[in-house]
Every structure is written in C-alpha cells, then in structure tokens.
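# Structural overview
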Amino acid sequence: MSVMPEIPVITRFAPSPTGYLHIGGARTALYSWLHARANDGQFILRIEDTDLERSTPEAVQAILDGMNWLGLTWDEGPIFQTHRFDRYKEVIAKLVGQGKAYPCFCSKQRIDDLRETQMQNKEKPRYDGLCRELSASDIDLSKPHVIRFKNPKDGVVTFKDVVKGEVTIANKELDDLIIARTDGSPTYNFTVVIDDMDMKISQVVRGDDHLNNTPRQINIFNALGATAPEFAHVPMILGDDGKKLSKRHGAVGIMQFRDDGYLPQAVLNYLIRLGWSHGDQEIFSMKEMLELFDINNINKAPSAFNTDKLKWLNQQYIKATPISELLPHLQWHLDQQDIDLNNGPDVADLIPEFSERSQTLDELAKALTTYYKDFEEFDAKAAKKHLRPVAKEALQRVKSKLNALDAWQAEAIQGCVNDTAEELEIGMGKVGMPLRVAVTGGGMSPAIDLTLSWIGKERCMTRIDMALEFIANRESQA
Ligand code: GLU
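Report follows, based on the coordinates. What you see is a predicted model, and the numbers here were worked out from it, not measured in a lab.

### Quick notes on helix H19 (residues 457–477)
Taking 1.5 Å of rise per residue, 21 residues should cover 30 Å, and H19 covers 30 Å from first to last C-alpha, within 8% of that figure. By the burial criterion, the buried members of H19 are Arg 459, Cys 460, Met 461, Arg 463, Ile 464, Ala 467, Leu 468 and Ile 471.

### A look at helix H8 (residues 264–273)
Counting buried positions along H8 gives nine out of ten residues, so the element sits mostly inside the fold. The complete set of buried residues in H8 reads Pro 264, Ala 266, Val 267, Leu 268, Asn 269, Tyr 270, Leu 271, Ile 272 and Arg 273.

### A look at the packing of aromatic side chains
According to the stated counting rule, one finds 13 aromatic pairs in the structure shown. Between Tyr 31 and Phe 293, the aromatic rings sit 4.8 Å apart at their centres with planes inclined by 35°, giving tilted as the arrangement. Here Phe 293 lies in the loop between helix H9 (286–292) and strand E12 (303–304) and Tyr 31 lies in helix H1 (residues 23–38), a separation of 262 residues in the sequence. For Tyr 31, a relative accessible area of 0% puts it in the buried group.

### Some points on the site of the ligand
The environment of the ligand is made up of Arg 12, Ala 14, Pro 15, Ser 16, Glu 48, Tyr 188, Val 192, Arg 206 and His 210. His 210 is positioned such that a nitrogen or oxygen atom in its side chain is 2.8 Å from an oxygen atom of the ligand. For the ligand, the accessible surface in isolation is 300 Å², of which the surrounding protein chains cover 81%. Tallied by class, residues from the shell around the ligand come to four nonpolar, two polar and three charged.

### Digging into the environment of Lys 164
Along the chain, the position of Lys 164 falls in the loop between strand E6 (156–161) and strand E7 (165–170). Residues Lys 164 and Arg 54, 110 residues apart in the sequence, show an inter-C-alpha distance of 31 Å. Here the side chain of Lys 164 touches Asp 208 through a polar contact of 2.7 Å, side chain to side chain.

### Things to note about the pairing of strand E4 (residues 101–104)
Going residue by residue along E4, you find Ala 101 and Pro 103 tucked away on one face and Tyr 102 and Cys 104 tucked away on the opposite face as well. Here E4 pairs with strand E5 (residues 146–149) via four bridges, running antiparallel. Each bridged residue has a counterpart across the sheet, and for Tyr 102 the counterpart in E5 is Arg 148.

### Comments concerning the environment of Cys 460
Of note, Cys 460 is situated in helix H19. Taking relative accessible area as the criterion, Cys 460 reaches 0% and is therefore assigned buried. Remark: the alpha-carbon pair of Cys 460 and Val 439, spanning 21 residues in sequence, is separated by 5.5 Å. Not counting chain neighbours up to four residues away, the residues in contact with Cys 460 comprise Trp 408, Val 439, Leu 452 and Ile 455.

### Description of the packing of helix H16 (residues 410–424) against helix H17 (residues 428–440)
Between H16 and H17, the least distance of the axes is 8 Å, while the angle of their chain directions is 130°. The orientation of H16 relative to H17 falls into the category oblique. The interaxial crossing formed by H16 with H17 has right-handed handedness. Across the interface between the two elements, Gln 414, Val 417, Asn 418, Thr 420 and Ala 421 of H16 pack against Met 428, Val 431, Gly 432 and Leu 435 of H17.

### Notes on the pattern of salt bridges
Following the criterion strictly, the structure yields 29 salt bridges and no others. Where Asp 374 meets Arg 463, a salt bridge forms, and the shortest distance between an N and an O atom there is 2.9 Å. Within this pair, whereas Asp 374 is found in the loop between helix H13 (361–372) and helix H14 (380–386), its partner Arg 463 is found in helix H19, the two being separated by 89 residues in sequence. By relative accessible area, Asp 374 is classed as exposed at 54%. Salt bridges here are not isolated pairs; linked through shared partners, they connect Arg 12, Arg 46, Glu 48, Arg 84, Arg 87, Glu 90, Asp 195, Asp 196 and Asp 198.

Rules behind the numbers
- Residues numbered from 1 in each chain as written.
- Predicted model: local features only at pLDDT ≥ 70, side-chain atom pairs only at ≥ 80, totals over all residues.
- Heavy atoms only, no water.
- Helix = DSSP H or I, 4+ residues; strand = E, 2+ residues; numbered from the N terminus.
- Expected span 1.5 Å × (residues − 1).
- Buried < 20%, exposed > 50% of the residue type's maximum accessible area, 1.4 Å probe, protein only.
- Phe/Tyr/Trp six-rings, centres within 6.5 Å; stacked < 30°, edge-to-face > 60°.
- Near = heavy atom within 4 Å.
- Polar contact = N/O pair within 3.5 Å; in protein donor to acceptor, adjacent residues only side chain to side chain.
- Areas by Shrake-Rupley, 256 points an atom, 1.4 Å probe, with all protein chains shown as cover.
- Nonpolar A, V, L, I, M, F, W, Y, C, P; charged D, E, K, R; others polar.
- Pairing = 2+ DSSP bridges.
- Contact = heavy atoms within 4.5 Å.
- Axes fitted to C-alpha atoms, helices over the stretch in contact; angles between N-to-C directions.
- Parallel < 35°, antiparallel > 145°, perpendicular 65-115°, else oblique.
- Left-handed = near helix turned anticlockwise from the far one by under 90°.
- Salt bridge = Lys/Arg side-chain N within 4 Å of Asp/Glu carboxyl O.

From the geometry alone we can't say anything about function, so treat these as descriptive.
Below is the structure:
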C-alpha cells in the first residue's frame, strides 16, 4: 500500500518594509514560526520590498530588529524581492508566451474614463479586457504597456481557508490583474505567487486584509501549473474602540514595546492569545506554545488590543523570569536612564522586592534609580508631608545613631530607628517616614532597614544632611 508523502512544512513571513514591524505583522510571524517549528518545518523571512519609495534600509532593519528581539529566528533569508526581478521577468515572459498574460496598451486616461463610467452605472470598477484579444499585428512592444494576467472569465475559485472556512469567488468578479507595470516592475499579487511557489511554501498565514487577493493569486498558481499553499487569514487586531489598530491607539511598532518596558516573552505570550486560545489558560511558556498552538484553532473573530492585559502579563513575566535572564533586558532601560549598577548594591538583592511592584522594565529601572544614583530634589509631595520641622530631631538623632554603627546591617539599622522612636516617645512611622524620604527622595520603598542597608552608609548620611537642610530652609521661610 502506498502512503501519500507528507508535504514538508515551510512557512514564511513576508512583510513589506514600511517603517516598523507592526504588532499585527509580528503576530502572523509568530503563528507562521510556531507552525514551522512545531512541525519540524522551515521558516523563511522574505522582504517584500518592491515598493522602492517606501522600502528604505532603515525600514528593513526595523523588521530584522523586531524579529530578533522577539526571538523569531528564520532558517532562510532575509530574501529580498528586489533581488529576484530576473526571475519574475522570466515567468512573465513565459506566461505571455503561453498566452496566459498579455500586453495592455490602454492609456491611463482610458482606464480612468472606464472607471468613471462603471462607477456611474454602479458597477464594480474593473478592466474590461480590451487588449486581451489583440492580434499580433496590433501589438507593438516599443509602445508603453503593462502586462496583464488573463484571469479565467468563467467559473469560480474555491479554497478552504484554515481560519475562514470555505471561500468562493466567481471569476467574473475578478478582472485581468496587472502583473508588470509600464516600467517592467512586477506587482505584489504576482511576486507573492512566484515566491510562494519557488519557496515551496506549504501554509501562508497572513492578515485577512489579503483575503481578496487570494483568489487572484490562486488563479496565477493554476496558470503556472503549481499547487497553491494552504491559506490561514487571521482577523485584524482592533483598538479599544473597535477600529483597526493603528498608531492612534498607541504603540504598534514592536520596538516601541521594547522601549516601553515589555519583555519579548510577554509580548509573544500576549500575541499568541490575541487570536488563539487554549481553554482559559493565559500564560504559555515557549514549550507550551510549541506544543499547543494549532493554526486550525485560530479565532475567527477579530480581537481587540488591551494594554492593561499586556501589562499584567508583563508583570507576571518580570516576576517569574530568572534574574540572569531578566538583566540583559533591564540593562537596556538602565542605560537609557543612565543608571550604573556598579554604583550601588547587588541588584539581585533588590529585584525580587521591586519586581512585585513593576509592570514594566521601565518602571523597574526607575524604582532602582535611588539605590545607584544621587538625586537633586526630594519628591515635592513626600517632602511636604514628611520633611517638616517636627521631624528634625528624629532625623538628627537617628543619623547620629546610624553614623555610630560599625556594621551596616539591616538589623542594626532597625535598632537605631526603634531606639530613636522610643527615646522621643513617638511612633516608629514618625522616624521611619522622614528617614525614608530623606534617603530615597520619595515616600515609597521596601522596609526601611533594607532600604538603608542597600543605599549604604555614606550615601545615607549625605542624604539625611540634605533633608535636614531642606527642613532648615523650610523653617527659615516660614
Ligand atoms: N507583504 C505583504 C504585507 O506586508 C504580505 C503578503 C503576504 O503575507 O502574502 O502585507
């Protein structure tokens, strides 16, 4: 008994470089990548850069940066369509030779007039096929012309979309698509087919804004005697107002998420859930993503982007990621904020305390600042409340006790605070809060003994003096 050979899984991500890697693109990249990786397949990165005006080297770099940051590694590529023009020309010539494509000499004026008339008659604007049957004697290739694909006139195109189910379009809805422009450059719907054919792509995962292109592309596959891949058209990502997600809604470029303090793993986890689910599980390790993700279960309905949920996930990842893995990501934000970890305590001691309170790495870096870098001003609100003349004595006393300590340890520090409160017969908070504001600059920090132990003796002394000076100034202004 013979067994049908299985088609090897080869997927691709084929962005047009337009400035950044859009979050929606990153999601289709992830789905394609997971499908390839989970099926021992190949994943190709293809840059659709035929729009020469928009495709700058920076825009290409933004895609590579985004993919690298997310860890979506590719097996082949980046393959640039602009490097494949000879191949496209060869296929166009072949199709023309076989009578499956033809030169069209219609002027722009004629096409515009045609469109105008069709619109007036409430018809769908489409090319009427005037040049389709030109006889050889009417063809003068020295005149400006485009090349059009001879779309079948009758019948239907039917395909089973992995997400949408069966899709059927009548050929009379489709016109003869331009496959090469007047300057000879090939168009998107054509190059995508040649590439998917040459690269033996088995599944195409892309946004459903391309759904209308698919029947046209299938007709070209058929004309070339090639088998079309399977298609999975993923619904768009919406903003919180139900409209297509765009810059108006906030960050849409992947590197912006890095800048805003998200971990790539959290973004991947967020993206996999935005359009796919497995029961009500929210957190997926990469291993689970590879085991559980199935393109057959992609949601049919569009999903809305929810920043709060992404932040929540990010916090879960910040808490759960081992410090050694977290640090390289945090380092980027520390650098941005000019924080040098050599200028203070071992950050491994601090991270468990602060990761509980930080939803983003940006927040985490900010929370760490005071332990590594001196500040020039106290937080106005905290200072107003806690650095008052009434706190002067407590600060002076606690300072001299702290100054006398030989060993700068949490327990001994706490002893100084307790003793001061006792001597002055005041509550501990009356010592602790002014002290906290004095040494951190603000009103929030972990336990006071830990806080001081991390900041270090010398820094604490200087900062308490600064607080006393602040109080003195306040007194003189009163
Ligand atoms: N280059 C197309 C885009 O960026 C994607 C084409 C495809 O995936 O087939 O929208």
